[in-house]
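Remarks on the overall topology
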Amino acid sequence: MNNLVQSKKLIVYAREGCHLCEVMISSLGVLQTKNKFKFEVVDIDNDAHLVGLYNERVPVLFDAIAKKELCHYFLDQAVFDAYLAAD
């Protein structure tokens, strides 16, 4: 199971100067010290399609493997914990 947990990959769709984005990224960084997952930050303002999808909803936490949104605006701890626990 440890290898499966390590394969978990998240994307944070964000933008520069966004306070909520900074909070989510910081929270994930702290959680990463205790859990095995990877995440990357993607600035939506570099991609017109992403702006169209997420413009007013950033930050958006996205499961890169399952290709689905987990939460937006704030890190939903219950959803995040369920994500980590899922096989």
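Here, every reference points to the structure presented above.
This text gives an overview of the structure that appears in the document.

Brief notes about helix H2 (residues 19-32)
For H2, built from 14 residues, the straight-helix expectation of 20 Å at 1.5 Å per residue is met to within 8% by its first-to-last C-alpha distance of 20 Å. Of the positions making up H2, those classed as buried are Cys-21, Met-24, Leu-28 and Leu-31. The arc that holds every buried residue of H2, seen down its axis, measures 95 degrees, which confines them to one face.

Remarks on the pattern of salt bridges
The tally for this structure, following the rule as stated, stands at three salt bridges. Linking Arg-57 and Glu-69 is a salt bridge whose minimum nitrogen-to-oxygen distance equals 2.6 Å. Placement of Arg-57 in the loop between helix H3 (48-54) and strand E3 (60-63) and of Glu-69 in strand E4 (residues 68-72) is noted, with a sequence separation of 12 residues between them.

Considerations on the pairing of E4
Judged from the four bridges that link them, E3 and E4 form a sheet pairing that is antiparallel. Bridged to Val-60 within E4 is His-72.

Criteria and thresholds
Residues numbered from 1 in each chain as written. Predicted model: local features only at pLDDT ≥ 70, side-chain atom pairs only at ≥ 80, totals over all residues. Heavy atoms only, no water. Helix = DSSP H or I, 4+ residues; strand = E, 2+ residues; numbered from the N terminus. Expected span 1.5 Å × (residues − 1). Buried < 20%, exposed > 50% of the residue type's maximum accessible area, 1.4 Å probe, protein only. Arc of directions from axis to C-beta. Salt bridge = Lys/Arg side-chain N within 4 Å of Asp/Glu carboxyl O. Pairing = 2+ DSSP bridges.

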